[in-house]
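Structural characterization, general
One-letter residues, chain by chain:
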Amino acid sequence: MKPFVTIVLVMCIYLPGSDSIGMYGKSVHFPAKTANSFVRLHAPDFSSLTAFTVCLRAASEETRNYGLFSYATDSNPNELLLWQESKTHLRVELGNQKITFSLPEMNALLRHICVTWESHEGEITVWVNGRRSVRKVGGKGQVVKGLGQFILGQEQDSVGGGFDINQSFVGEITDVHMWDHVLQHNDIKKVSQGCLRYGGNIIDWGSTHYTFEGIVAIEDNKDCPL
Ligand SMILES: *[C@@H]1O[C@H](CO)[C@@H](O)[C@H](O)[C@H]1NC(C)=O
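Predicted model only: the values in this text are computed from it and were never measured.

Next up on the list: unusual backbone geometry. At N129, a residue that is not glycine, the phi angle is positive and equals roughly 50°. Checked against the element boundaries, N129 lands in the loop between strand 11 (123–128) and strand 12 (131–132).

In structure tokens, the structure reads:
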């Protein structure tokens, strides 16, 4: 019964659908597989991106595939998608391009994941806990279009919707940041240790407004020693 009680308490403080500012020191917990639980991050509009860094910390024991980070626009619901394929592969979708990385298996321990991309060379790199993957090529010459929606917990098949219960995220996610440029190696290391002094300039976990629906618990992540 205890998890249920916790969720009810948390829902009393954070009302679904209401607009709240920032989740510094907090995690989003999706306790169950659903087709309607999600957090929407209300990032400021941008026109288009020719580079980005997306970082987040996540843990999941799911063995199926699911969306970790979904950004949809009118022209493509998978404008930018971080897609976990079974436990061992992270697929980065940039429009119609799919670039897959084989990584240590996802499990119950929170891990820090960053993806960096720039359009000129189409260089795309994944970082796990501050360690760099091989560099791959994808999305060369492309842009990530603006005016879309950022969703955690579900994979969008249309802007803000088209969710599939079998693609939902079950687990915990926190410290989501997005920049409009490629962070330097040192800064990736710092952000992975929670030591970077500034947040993302597109998504900043500490200040970006968010709303949520469904069964979502927002709790202190207890990552910082008192
Ligand atoms: C989800 O997966 C289950 C088990 O594989 C299946 O029975 C169900 O039809 C799927 N639901 C949808 C909406 O695809």
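Another point: the packing of aromatic side chains. Taken as a whole and judged by the stated rule, the model has 7 aromatic pairs. Taken together, a centroid distance of 5.7 Å and an interplanar angle of 55° make the contact between F69 and F150 tilted. With a gap of 81 residues between them, F69 in strand 6 (residues 66–72) and F150 in strand 15 (residues 149–152) connect regions that are remote in the sequence. A connected cluster of aromatic rings, assembled from ring pairs, spans F46, F69, Y71 and F150. In this arrangement the basic side chain of K136 is found over the ring face of F101, its NZ or CZ atom lying 4.9 Å from the centre.

Under the counting rule described, the total for this entry stands at 6 salt bridges. Of the charged contacts, one joins R91 and E93 as a salt bridge, the two residues approaching to 2.5 Å between their closest N and O atoms. Taken individually, R91 and E93 each receive the classification buried, so the pair is uniform in this respect. Here E123 makes a salt bridge to R135, at a shortest N to O gap of 3.6 Å. With E123 in strand 11 and R135 in the loop between strand 12 and strand 13 (136–137), the pair connects residues that are 12 residues apart, well separated along the chain. Of the residues examined, E123 reaches a relative accessible area of 34% and is grouped as partly exposed.

Calculation notes
- Residues numbered from 1 in each chain as written.
- Predicted model: local features only at pLDDT ≥ 70, side-chain atom pairs only at ≥ 80, totals over all residues.
- Heavy atoms only, no water.
- Helix = DSSP H or I, 4+ residues; strand = E, 2+ residues; numbered from the N terminus.
- Phe/Tyr/Trp six-rings, centres within 6.5 Å; stacked < 30°, edge-to-face > 60°.
- Lys NZ or Arg CZ within 6 Å of the ring centre and 35° of its normal.
- Salt bridge = Lys/Arg side-chain N within 4 Å of Asp/Glu carboxyl O.
- Buried < 20%, exposed > 50% of the residue type's maximum accessible area, 1.4 Å probe, protein only.

The values reported here are purely geometric and, on their own, carry no functional implication.
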